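The primary structure of each chain is shown beneath.
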Amino acid sequence: MIRAWTPKDIRAAEQPLLDAGHGPPLMARAAAAVAAVCVRELDAGHVYGSRVAILAGKGNNGGDALYAGAHLARRGARVDVVLTADDAHQGGLAAARASGARIHRLDDRGASRAAELLRIADAVLDGIVGTGARPGLRSPVRELVANWTPARSERQIVIAVDMPSGIDVDTGEASDDCVRADCTVTFAGAKPGLLLPPAAGCAGNVEVVDIGVPLADETTATARLNPSDIAGRWPVPGPHDHKYTRGVLGIVAGSSGYPGAAVLATGGSRACGVGMIRYVGSDHVARAVNAAYPEVVPGNGRVQAWLFGPGIDPADDDRMSDVRRYLAEAGDTQLPCVLDAGALAAVEAADSAVQRTDPPMILTPHAGELVALMTRLGDTDVSRSAVEAAPAVWAQRAARRTDAVVVLKGPVTVIAQPHGPTYAQGEAPSWLATAGAGDVLAGIIGAITATSSETATGKSLPALAGYAALGVMTHGLAAGRASGGGPIAAGDIAAALPAVIADHLAGADRRPVGEHSTRGRAQR
Ligand SMILES: NC(=O)C1=CN([C@@H]2O[C@H](COP(=O)(O)OP(=O)(O)OC[C@H]3O[C@@H](n4cnc5c(N)ncnc54)[C@H](O)[C@@H]3O)[C@@H](O)[C@H]2O)[C@@H](O)CC1
Ligand SMILES: [K+]
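Reading the values: the criteria
- Residues numbered from 1 in each chain as written.
- Chains lettered and ligands numbered in written order.
- Predicted model: local features only at pLDDT ≥ 70, side-chain atom pairs only at ≥ 80, totals over all residues.
- Heavy atoms only, no water.
- Domains from an automatic or database assignment.
- Buried area = accessible area lost by both parts, 1.4 Å probe.
- Salt bridge = Lys/Arg side-chain N within 4 Å of Asp/Glu carboxyl O.
- Polar contact = N/O pair within 3.5 Å; in protein donor to acceptor, adjacent residues only side chain to side chain.
- Near = heavy atom within 4 Å.
- Areas by Shrake-Rupley, 256 points an atom, 1.4 Å probe, with all protein chains shown as cover.
- Helix = DSSP H or I, 4+ residues; strand = E, 2+ residues; numbered from the N terminus.
- Nonpolar A, V, L, I, M, F, W, Y, C, P; charged D, E, K, R; others polar.
- Axes fitted to C-alpha atoms, helices over the stretch in contact; angles between N-to-C directions.
- Parallel < 35°, antiparallel > 145°, perpendicular 65-115°, else oblique.
- Left-handed = near helix turned anticlockwise from the far one by under 90°.
- Contact = heavy atoms within 4.5 Å.
- Buried < 20%, exposed > 50% of the residue type's maximum accessible area, 1.4 Å probe, protein only.
- Pairing = 2+ DSSP bridges.
- UniProt positions renumbered as here; feature names shortened; annotations may be inferred.
- Phe/Tyr/Trp six-rings, centres within 6.5 Å; stacked < 30°, edge-to-face > 60°.

Student: Help me out: how do you make sense of the domain arrangement of the protein in this one?
Tutor: Interface size is commonly expressed as the accessible area that is lost once the parts come together. Segmentation of the protein into domains returns domain 1 (2-224) and domain 2 (230-505). Taking only C-alpha atoms into account, the centre of domain 1 sits 39 Å from that of domain 2. Across the domain 1 to domain 2 interface the summed buried area is about 930 Å²; carbon plus sulfur atoms make up 65%. It is P197, A223 and R224 in domain 1 that bury the most area against domain 2; as a group they hold 46% of the surface buried on that side. At the boundary of domain 1 and domain 2, one finds 0 salt bridges. Taken together, the connections running from domain 1 to domain 2 amount to 3 residue pairs in polar contact (both at pLDDT 80 or more).

Here it is as structure tokens:
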């Protein structure tokens, strides 16, 4: 798992070290790590004579970049420093100068020279601003970056120092003019904006460098599960388990308009190793589910978790009364529930007067459904463009408003909870954007919840957020496996799940074709 801390918490952890006079060694470690990554990316044999441009602002982020530039100049790189502010980190500037780097100013006379240096550089280090800055870039560096980014050559490597300059490192918001890096070398721990959409798309590969600042797991703000986490988190049956101890999932899904949604959700669940599935719906849909999966048991009964909603029409009184009834019963016994699609219409605000006792809930909206939910709950600021610009902010807001885990689906899916870290998972290939993929995901999350939530702690919202993140990641990995780089249909994802789970349980380190992370080269 990659953990991220807010700059505020990182500063608090650094403060005792700074007070004790350890600031310079921290910066030296940070700079050495940036230089090492740059050497590796340039291919160590080609550092001598390569052109490196350093964008250095006036803060410590610029200082890191300047010291890194000094390392590279000593390795024989031709280093050009562009000072983007009216001041610079004096120690870093002196080190860069002493090592032979050339220094340029981004003033009226220097602007065209700076643009040319960026154009011809083999590698660019972005030390414009770091965690001490406000989001966005200021003129004139904003124009410099805006003109350079679209014209960049494919072979040029851009390394962000600590974070891509311009992003909102707390919320993950990013304007068009942020630096777009291939790689971000970040210090002490990752920062939320490096994992959260859309800013994560500006960070490229995130490399965390331990510079000796102790950070507590309890203060994690944002996290991303890695495929290697499957081995420690997946609910694996023991020799004495039987179908009831493994976990039974109840599913209320499907309608005459969308019978396939019930089949897809059930297919996602059964591929995850649930003990048993009980299906509740119309006879017509139940027949379709049973024709596909004879092991599914029709009708209500004892379950360990419920999944409500795939393919349900909120105007369908029969299904919605099932949802409301089982939701109320689940509230009495605190049975965890996953609410997807049509069932989101049954969610009330946590402080609503009409609210019965809520069970622990995972809600799985896409952006449009989140807008509808928040509008219904009385939020007047919500809009699709607002949600897309700041998915984590809105998922967190919805989680607090409903006192539930909120899985906001998108290219990078954000999983927020009322108290505790927000997860961001971006494994899914773009081919996953296909009808029915969300039904499969809801089934996967339902299955993990039914098979993991035996104890009281296992039913807590932080535990449910972890199941949801695990489900989202595994869904993305299975989609990558099924796709192999080409098109997929929703049913293919369920078919690929058992092998993906088995490989990672066996600790398989290989990454089959198509199983990729979004943390590749930045989208330009
Ligand atoms: N504190 C530490 O112990 C360490 C900090 N390190 C580096 O220090 C950075 C933080 O340094 P600082 O606190 O000096 O902050 P920055 O380097 O982000 O610089 C902030 C300064 O830039 C200006 N500024 C603010 N918003 C701006 C904007 N939107 N556009 C342009 N200029 C803006 C302000 O004058 C502000 O003083 C980290 O990101 C990291 O790179 C590393 O050296 C490792 C150790
Ligand atoms: K930076």
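Student: Could you clarify how one ought to interpret the site of ligand 1 in this entry?
Tutor: Lining the immediate surroundings of ligand 1 are 20 residues, of which E14, N60, D64, G130 and D162 lie closest. Within the contact set of ligand 1, an oxygen atom lies 3.1 Å away from a backbone nitrogen or oxygen of G132. Between R138 and ligand 1, the recorded distance is 3.3 Å, taken from a side-chain N or O atom to a nitrogen atom. For ligand 1, whose unbound accessible area comes to 870 Å², protein coverage reaches 80%. Put simply, the parts of the chain that give the shell around ligand 1 at least two residues each are α1 (7-19), α2 (23-42) and α3 (60-74). Residues belonging to the shell around ligand 1 are distributed by class as follows: 7 nonpolar, 7 polar and 6 charged.

Student: Any chance you could explain the packing of helix α14 (residues 367-376) against helix α16 (residues 391-402) here in plain terms?
Tutor: The N-to-C vectors of α14 and α16 enclose an angle of 40°; their axes lie 11 Å apart at closest approach. Looking at the two axes, α14 sits oblique to α16. The element α14 and its partner α16 pack so that their crossing is left-handed. Mapping the contact onto sequence places L370, L373 and M374 in α14 and W394, R397, A398, R401 and T402 in α16.

Student: Explain the environment of A502 here, please?
Tutor: Its location among the elements puts A502 in helix α19 (residues 490-505). Its relative accessible area of 40% is what places A502 among the partly exposed residues.

Student: Help me understand the sheet that holds strand β5 (residues 123-127), please; the structure alone is not making it clear to me.
Tutor: Within a sheet, neighbouring strands are paired by backbone hydrogen bonds and run either parallel or antiparallel to one another. Read across the sheet, 7 strands follow the order β4-β3-β2-β5-β6-β7-β8 without closing on themselves; strand pairing throughout is parallel. Both edges of this open sheet fall to β4 (102-105) and β8 (205-209), since each of them pairs with a single strand only. When the angles between neighbouring strand axes are averaged without regard to direction, this sheet yields 20°. The sheet contact formed by β5 and strand β6 (residues 157-161) spans 4 bridges and is parallel. Opposite V124, over in β6, you have V158 as the bridge partner. Along the sheet, α3 makes contact with β2 (51-56), β3 (78-83), β5, β6 and β7 (183-187), crossing β5 at roughly 150°. Those strands touched by helix α5 (residues 111-120) are β2, β3, β4 and β5, and its axis lies near 130° from that of β2.

Student: How do you make sense of the pattern of salt bridges when you look at a structure like this?
Tutor: A side chain with one charge may pair with a side chain of the opposite charge, provided their charged atoms come close. For the structure on display, the rule yields 19 salt bridges. For E116, the salt bridge identified is with R119, shortest N-O distance 3.0 Å. Taken as a pair, E116 and R119 lie in helix α5 at a separation of 3 residues, close to a single helical turn. Taking relative accessible area as the criterion, R119 reaches 54% and is therefore assigned exposed. Several salt bridges converge on common partners, so that one network encompasses R40, E41 and E207.

Student: Sorry if this is basic, but what is going on with the UniProt feature "domain: YjeF N-terminal" (unreviewed entry) in the protein here?
Tutor: UniProt records the feature "domain: YjeF N-terminal" (unreviewed entry) at residues 10-219, using the numbering of this structure. Counted over residues 10-219, helix gives 38% and strand 17%. Its end C-alpha atoms are 10 Å apart.

Student: What's the story with the side chain of H475 in this structure? I'm lost.
Tutor: Turning to its location among the elements, H475 is positioned in helix α18 (residues 461-483). Since its relative accessible area comes to 5%, H475 is described here as buried. Of note is the side chain of H475, whose polar atom sits 3.0 Å from the backbone oxygen of A437. Once you skip the residues sitting within four places of it in the chain, H475 turns out to touch L432, A437, V440, L441, I444 and I493.

Student: It is not clear to me how the environment of A490 should be interpreted in this structure. Could you clarify?
Tutor: Inspection of the secondary structure assignment puts A490 in helix α19. Take A490: its relative accessible area is 5%, and that puts it in the buried class. Sequence separation between A490 and G268 is 222 residues; the distance between their C-alpha atoms is 9.4 Å. Setting aside anything within four residues of it in sequence, one finds A490 in contact with L264, T434, A435, G436, A437 and V440.

Student: Just to check I follow, could you spell out the packing of aromatic side chains for this structure?
Tutor: Applying the stated criterion across every chain yields a total of 2 aromatic pairs. With centroids separated by 5.5 Å and ring planes inclined at 15°, the aromatic side chains of W306 and F308 adopt a geometry described as stacked. Take W306: its relative accessible area is 3%, and that puts it in the buried class. Its relative accessible area of 0% is what places F308 among the buried residues.

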